[in-house]
Amino acid sequence: MTVLVLNCGSSSLKYEVVDVAAAAHVASGVVERISEHGEALVRAVSELEDAGALADVTAVGHRVVMGGREFDRATVIDDRVVATIDALAELAPLHNPANLAGIRFARSRFADVPHVAVFDTAFFHGLPPAAATYALDRDIAATWAIRRYGAHGTSHRFVSGVAADFLGLDTRSLRQIVLHLGNGASASAIAGGAPVDTSMGFTPLEGLVMGTRTGDIDAAVVVHLLRHAGLSVDEIDDVLNHRSGLRGLAGTNDLRDVHRLVADGDAHARLALDVYVHRLRKYVGAYAAVLGGLDVLTFTAGAGEHDAALRAETCAGLGFLGIDVDAARNESPSRDARRISPDGAPVDVLVVPTDEELQIALETDAVLAG
């Protein structure tokens, strides 16, 4: 099977043609800073046609961020599925509408092949109730479908599987923590191949410090800003999601710029990095406790894969958990899956490049194969 994968973000489009049998990328591209998804999709298809990459496409796989309570696995798309994804947009207003734009375009353009939705939340659908449930009035929570949904599940599923394969071990024998550190960032605790906790919650706002999002924050801050600062609900939403995180503390959401500012002696950037790393260490420690120990800690996504200084700072002081980093291995420019912990360390610390598009293609193939 050859799968066209469409990953429509709020302001970007990633597209890729994947030969599933060979786990090979036939062609790929990205369109960034887009304001109208239709134009971006037309451009992407045109480029793939010019490259001769669409001739053998037998299915289209779509990334969908929010699957809510309704979808616990990848699902063949029909009109009912489209309507449900649309209804779930209130839980992911920046993402589900963009995902739907790709689905609607592709179902029209590729009407003769099946389409499959692969949900970011599906991997975390079966979280233990103690991890998925907020201590909120249970009737309100039930009425408004409030629970921990998580996000980045496609990446966490892929990376945890690759980590086990790299070590030559069965995922069912491992206690893993995966740190997906991009502009959006999330952590997961995975026991025996199944997630038992994750940092993102009802929305992708909760958890780690991110490029522009606060991560964990006292909910009373929202009430305080409503009552005393005169901010509207939309203004507070903008602050929490777009004007906070690294950008809110350091003035930039790019960790490379943060490191440069720190080197120049910028106190705001130093604090931003300290807050970012403190939250990471806090989650690693908490998840090691949830798992009852730790076998593997894996870094992935943009900063996780490429920022050796961040990895070193995160692991510093975690030796009591068996976590240590070999400096030479950590600073290696390799882009392959690799171990950065010393030989014989109690915990294997890995760097594993994520490949959400390949995972989407694999899940698309699995669904259609029955």
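Before reading on, note that the structure itself is shown above.
All of the points below concern the structure found in this document. Counting restarts for each chain, with residues numbered from 1 along the sequence as it is written. For a predicted model such as this one, the threshold for reporting local features is a pLDDT of at least 70, and the threshold for listing and counting side-chain atom pairs is 80 or more; totals across whole chains, interfaces and linings nevertheless cover every residue. In computing side-chain values, all of the structure's heavy atoms are included and hydrogens and water are not.

Let's talk about the packing of helix α7 (residues 220–229) against helix α8 (residues 233–242)
Next, step 1: With axes taken as lines fitted to C-alpha atoms, and helix axes fitted only over the stretch in contact, angles between N-to-C directions fall between 0 and 180 degrees. Secondary structure elements are taken from DSSP: a helix is a run of H or I of four residues or more, a strand is a run of E of two residues or more, and numbering for both begins at the N terminus. For the pair α7 and α8, the least separation of the axes is 10 Å and the interaxial angle reads 135°. Overall, the two elements α7 and α8 adopt an arrangement that is oblique. Here the hand of the crossing between α7 and α8 comes out right-handed. Between α7, through Val222, Leu225 and Leu226, and α8, the contact on the second element is made entirely by Val233, Ile236 and Leu240. For classification, angles of less than 35 degrees are called roughly parallel, those exceeding 145 degrees roughly antiparallel, those between 65 and 115 degrees roughly perpendicular, and all remaining angles oblique. A clockwise turn of the near helix away from the far one marks a right-handed crossing, whereas an anticlockwise turn of less than a right angle marks a left-handed crossing. A contact between two residues is defined here by any heavy atoms of the two lying within 4.5 Å.

Some points on the nonpolar core
Next, step 1: Of all hydrophobic cores here, the largest spans 39 residues; its most connected members are Leu179, Leu181, Tyr276, Leu297, Leu310 and Ile323.
Next, step 2: Broken down by element, the residue count for this core peaks at 10 residues, all from helix α11 (residues 267–291).
Next, step 3: Other than its neighbours up to four places away in sequence, leucine 181 contacts Leu208, Tyr276, Leu280, Phe299, Thr300, Ala301, Gly302, Ala303, Gly304 and Leu310.
Next, step 4: Put simply, buried Ala, Val, Leu, Ile, Met, Phe, Trp, Tyr and Cys residues joined by side-chain atoms within 4.5 Å make one nonpolar core. Remark: exposure states derive from per-residue accessible area (1.4 Å probe, protein chains only) relative to the maximum for the residue type, with buried under 20%, exposed over 50%, and partly exposed in between. By size, the runner-up hydrophobic cluster in this structure holds 26 residues, among which are Val3, Val20, Phe124 and Ile360.

Section: the sheet that holds strand β5 (residues 75–76)
Next, step 1: A sheet is described by the order of its strands in space; here six strands give the open sequence β3-β2-β1-β4-β6-β5, paired in mixed fashion. Sheet topology places β3 (24–32) and β5 at the edges, where each strand pairs with a single neighbour. At least two DSSP bridges between two strands are needed for those strands to be called paired.

A closer look at the sheet that holds strand β11 (residues 338–339)
In a beta sheet, neighbouring strands are held together by backbone hydrogen bonds and run either parallel or antiparallel to one another.
Next, step 1: Across the sheet, six strands lie side by side as β9-β8-β7-β10-β12-β11; this open sheet has mixed pairing. Both edges of this open sheet fall to β9 (194–198) and β11, since each of them pairs with a single strand only.
Next, step 2: Summarising the sheet, strand β10 (residues 296–300) and strand β12 (residues 348–351) pair through four bridges and their orientation is parallel. The residue of β12 that forms the bridge with phenylalanine 299 is valine 351.
Next, step 3: In the packing of helix α6 (residues 153–167) onto the sheet, contacts are made with β7 (175–181), β8 (185–191), β10, β11 and β12, and the angle to β7 comes to roughly 130°.

Brief notes about the side chain of threonine 252
Next, step 1: Looking at where threonine 252 falls in the secondary structure, it is placed in the loop between α9 (245–250) and α10 (255–263).
Next, step 2: Polar contacts, as used here, are pairs of N or O atoms within 3.5 Å; protein pairs need one atom able to donate a hydrogen and one able to accept it. Residues neighboring in sequence count only if both atoms are side-chain atoms. Looking at threonine 252, its side chain comes within polar contact range of the main-chain nitrogen of aspartate 254, at 3.2 Å.

Section: the layout of surface pockets
Next, step 1: Method remark: on a 1 Å grid restricted to protein atoms, a set of points is classed as a cavity if a 1.4 Å probe fits but cannot get out and as a pocket if it is open with protein on both sides within 12 Å along at least five of seven lines; lining residues have an atom within 4 Å of a point. Grid points are joined across faces, edges and corners, and a volume is the space filled by probe spheres set on the points. As a volume, the second largest pocket reaches approximately 1,200 Å³.
Next, step 2: Together, 29 residues line the second largest pocket, and Phe202, Thr203, Leu205, Val222 and Leu240 are the ones closest to its centre.
Next, step 3: Counting residues per element, the ones that place at least two in the lining of the second largest pocket are α7 and α8.
Next, step 4: For the lining of the second largest pocket, the element with the most residues is α8, which contributes five residues.
Next, step 5: When residues are grouped by polarity, Ala, Val, Leu, Ile, Met, Phe, Trp, Tyr, Cys and Pro land in nonpolar, Asp, Glu, Lys and Arg in charged, and all others, Gly among them, in polar. In terms of residue class, the lining of the second largest pocket is made up of 18 nonpolar, five polar and six charged.

Quick look at the pairing of β10
Next, step 1: Counting buried positions along β10 yields five of five residues, so the element is predominantly enclosed.
Next, step 2: Along β10, one buried face is formed by Val296, Thr298 and Thr300 and the opposite face, lined by Leu297 and Phe299, is buried too.
Next, step 3: When β7 meets β10, the two strands line up parallel, connected through five bridges. In the sheet register, isoleucine 177 faces β10, and the bridge partner there is leucine 297.

Description of the pattern of salt bridges
Next, step 1: Put simply, a salt bridge is a Lys or Arg side-chain nitrogen that is within 4 Å of an Asp or Glu carboxyl oxygen. Under the definition given, this model contains 17 salt bridges.
Next, step 2: Arginine 175 is the salt-bridge partner of aspartate 295, the closest N and O atoms lying 3.2 Å from each other. Of this pair, aspartate 295 sits in the loop between α11 and β10 while arginine 175 sits in strand β7; the two residues are 120 residues apart in sequence, bridging distant segments of the chain.
Next, step 3: Taking the shortest distance from any N to any O, the salt bridge between arginine 329 and aspartate 343 comes out at 2.7 Å. Note that arginine 329 is positioned in helix α14 (residues 327–330) and aspartate 343 in the loop between β11 and β12, a separation of 14 residues in sequence.
Next, step 4: Residue classification places aspartate 343 among the exposed positions, given a relative accessible area of 62%.
Next, step 5: Put simply, Arg270, Asp274 and Glu313 are held in one network by salt bridges that share partners.

What about the packing of aromatic side chains?
Next, step 1: Two rings belonging to Phe, Tyr or Trp (six-membered ring only in the last case) form a pair when the distance between their centres is within 6.5 Å. Interplanar angles under 30 degrees mark stacking, angles over 60 mark edge-to-face geometry, and anything in between is tilted. On inspection of all chains with the given rule, the structure shows four aromatic pairs.
Next, step 2: Consider the rings of phenylalanine 71 and phenylalanine 119, whose centres lie 4.4 Å apart with planes at 10°: the pair is stacked. Pair noted here: phenylalanine 71 is in the loop between β4 (59–64) and β5 and phenylalanine 119 is in strand β6 (residues 115–119), with a separation of 48 residues, a long-range link. Accessibility assignment for this pair places phenylalanine 71 and phenylalanine 119 in one class, buried.
Next, step 3: Here the aromatic rings of tyrosine 149 and phenylalanine 202 are separated by 6.1 Å at their centres, their planes lie at 40°, and the arrangement is tilted. Remark: phenylalanine 202 occurs in the loop between β9 and α7 and tyrosine 149 occurs in the loop between α5 (138–143) and α6; sequence separation between them is 53 residues.

A word on unusual backbone geometry
Next, step 1: Not every positive phi belongs to a glycine, and alanine 145 is a case in point at roughly 55°.
Next, step 2: With respect to the secondary-structure elements, alanine 145 resides in the loop between α5 and α6.
Next, step 3: What makes alanine 145 buried here is its relative accessible area of 15%.
Next, step 4: Of note, the phi angle at histidine 152 is positive, near 65°, even though the residue is not glycine.

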